[in-house]
Amino acid sequence: MPETRLFHDVVRSRRSARSFLPDPVSDALLRAVLDDARYAPSNSNVQPWVVHIASGATRDKLSQAMLAAAAEERFTPDFPFNYDDLYGVYRQRQQAQGAAYFQAAGIARDAAEQRRFAIMRNLEFFGAPSVALLFMAPVYETVRVAGDVGMYGQTFLLSLAAHGLAGVPQTLLSLFAGTAREVLGVDPALKMLFGISFGYREPGNPVNTFALDKAPISETVTFHR
Ligand SMILES: Cc1cc2nc3c(=O)[nH]c(=O)nc-3n(C[C@H](O)[C@H](O)[C@H](O)COP(=O)(O)O)c2cc1C
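Since the structure is predicted, the reported quantities are computational estimates derived from the model, not experimental observations. Position numbers for residues count from 1 along each chain, tracking the sequence in the order it is written. Where totals are concerned, whole chains, interfaces and linings use all residues; where local detail is concerned, this predicted model gives features only for residues with pLDDT of at least 70, and gives and counts side-chain atom pairs only at 80 or more. Side-chain metrics in this entry use all non-hydrogen atoms of the structure; hydrogen atoms and water are not considered.

K.L.:
Would you take a moment to explain the side chain of Asn122 for this structure?
P.N.:
Positionally, Asn122 belongs in helix H5 (residues 111–123). Of note is the side chain of Asn122, whose polar atom sits 2.9 Å from the side chain of Gln170. Contact partners of Asn122, with chain neighbours within four places excluded, come to Gln170, Leu172 and Leu173. Helix numbers and strand numbers start at the N terminus; a helix is a DSSP run of H or I with at least 4 residues, a strand a run of E with at least 2. Any pair of N or O atoms that falls within 3.5 Å is considered a polar contact. Within protein, one atom must be able to donate a hydrogen and the other to accept it, and sequence-neighbouring residues count only if both atoms are side-chain atoms. In this description, contact between two residues means that some pair of their heavy atoms is separated by no more than 4.5 Å.

K.L.:
Got a minute to help me understand unusual backbone geometry in this structure?
P.N.:
Trans is the common state for peptide bonds, and a negative phi is the common state for residues other than glycine. At Asn45, a position not held by glycine, the phi torsion is positive, near 60 degrees. Its location among the elements puts Asn45 in the loop between helix H2 (27–37) and strand S1 (49–55). A positive phi angle, near 55 degrees, is found at Glu73, a position not held by glycine. If you trace the backbone, Glu73 turns up in the loop between helix H3 (56–71) and helix H4 (88–105). Judged by relative accessible area, Glu73 falls into the exposed class, the value being 61%. Only protein chains enter the accessibility calculation, which uses a 1.4 Å probe; a residue whose area is less than 20% of its type maximum is buried, one above 50% is exposed, and one in between is partly exposed.

K.L.:
Sorry if this is basic, but what is going on with the nonpolar core here?
P.N.:
Within soluble globular proteins, side chains that are nonpolar generally end up buried alongside one another. Only buried Ala, Val, Leu, Ile, Met, Phe, Trp, Tyr and Cys residues count toward a nonpolar core, and they belong to the same one when joined by side-chain atoms within 4.5 Å. Ranked by size, the top nonpolar core spans 32 residues in total, and within it Leu62, Met66, Leu133 and Leu173 carry the most contacts. For this core, the secondary-structure elements that each account for two or more residues are H3, H4, H5, strand S2 (130–136), strand S3 (166–170) and helix H8 (177–184). Beyond its immediate stretch of four places on either side in the chain, Met66 contacts Leu123, Phe125, Leu173, Phe176, Thr179 and Ala180. In terms of nonpolar packing, the next biggest core, distinct from the first, is built from 20 residues, Val33, Ala40, Leu157 and Phe194 among them.

K.L.:
Can you walk me through the packing of aromatic side chains in this structure?
P.N.:
Pairs of aromatic rings are described using the distance from one ring centre to the other and the angle between the two planes. In summary, the pairing rule links any two rings of Phe, Tyr or Trp, Trp by its six-membered ring, whose centres are within 6.5 Å, and it sorts them by plane angle into stacked for under 30 degrees, edge-to-face for over 60 and tilted for everything else. A complete count under the given rule lists nine aromatic pairs for this structure. Ring geometry for Phe156 versus Phe198: centroids 5.4 Å apart, planes at 80 degrees, classification edge-to-face. Of this pair, Phe156 sits in helix H6 (residues 142–162) while Phe198 is found in strand S4 (residues 191–199), placing the two residues 42 residues apart along the sequence. Considered together, Phe156 and Phe198 belong to a single accessibility category, that of buried residues. Lysine NZ or arginine CZ positioned within 6 Å of the ring centre and within 35 degrees of the ring normal marks a charge as sitting over the ring. Arg18 extends its terminal NZ or CZ atom over the ring of Tyr101, reaching a point 5.2 Å from the ring centre.

K.L.:
For this particular structure, what's the right way to read the packing of H3 against H8?
P.N.:
To characterise two packed helices, one gives the angle between the axes of the helices and the distance between these axes. Running from N to C, H3 and H8 point in directions that differ by 145 degrees, and their axes come no closer than 10 Å. Along this stretch, H3 crosses H8, giving a crossing that reads as right-handed. Only Thr179, Ala180, Val183 and Leu184 of H8 make contact with H3, whose side of the interface consists of Thr58, Lys61, Leu62, Ala65, Met66 and Ala69. Here the contact of H3 with H8 is built from residues that sort into seven nonpolar, two polar and one charged. Axis lines are fitted to C-alpha atoms, over the contacting stretch for helices. Their N-to-C directions set the angle, which ranges from 0 to 180 degrees. Here a crossing is called left-handed whenever its near helix is offset anticlockwise from the far helix by less than a right angle, and right-handed whenever the offset is clockwise. Each residue gets one of three labels, nonpolar for Ala, Val, Leu, Ile, Met, Phe, Trp, Tyr, Cys and Pro, charged for Asp, Glu, Lys and Arg, and polar for the others, Gly among them.

K.L.:
What is the right way to read a nonpolar patch on the surface from this model?
P.N.:
Patch members must show over 30% relative accessible area and no salt bridge, and they are joined within 9 Å when carrying like charges or within 5 Å when they are nonpolar side chains of Val, Leu, Ile, Met, Phe, Trp or Tyr. Using a 1.4 Å probe, accessible areas were evaluated by the Shrake-Rupley method; residue-level cover was limited to the displayed protein chains. Salt bridges are defined by distance alone: a side-chain nitrogen of Lys or Arg within 4 Å of a carboxyl oxygen of Asp or Glu. Together, Phe81, Tyr83, Leu86, Tyr87, Val89 and Tyr90 line one region of the surface with nonpolar side chains, adding up to about 610 Å² of accessible area. Along the chain, Val89 falls in helix H4. Note on Val89: relative accessible area 32%, which makes it partly exposed.

Here it is, written out as structure tokens:
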């Protein structure tokens, strides 16, 4: 069935991009992506996502403000995030991903240098012309809302892929949630879950194409019959 093939290809072609061309995304294309994303499912159809998109001069201002906050170690996350919490197979997968990315980027294995490089590139939105910040509406229990916003994020990312665009979800941007709210004038009641830098993937850059293992079905699914 051609439709199934198309879906299969779109799902697999959606890879996180970490080097973008500077070319802006046209308003028409962005509208088409946003029009797909609004069909994401949510608990009781509450749709508790609030999305702020920065492009052009505002994108640059946001990046500069986040870089300045990082330089002063002014972290303002709404939710805790710590790699040290990882263990076992989760730790292994995170380390494998980090090693593959830094090797593709040609960065030495020294941890401090890697960390600095990672923070800086994230806060430069990896050169993407636009970034979408995903905030959670202050309704009921946050884990449920985060699940809904995740659904929205993946629908947004798949639509980017279907339209020949690319994106990267970024928890790292949410470490500067307070800074983002300040720059964009966002209601403090809205908590930031993650951002998505997006645009046109730079072709041929190894950071966009390195191999990444995806756990086989047998590792993550138990069948009960
Ligand atoms: C919620 C979420 C947050 C993420 N945060 C970051 C981030 O801050 N920086 C980054 O470079 N990648 C980030 N990623 C991308 C993951 O590293 C990536 O999805 C994973 O390695 C699998 O690769 P793939 O997206 O190419 O399939 C994030 C992914 C998700 C789903």
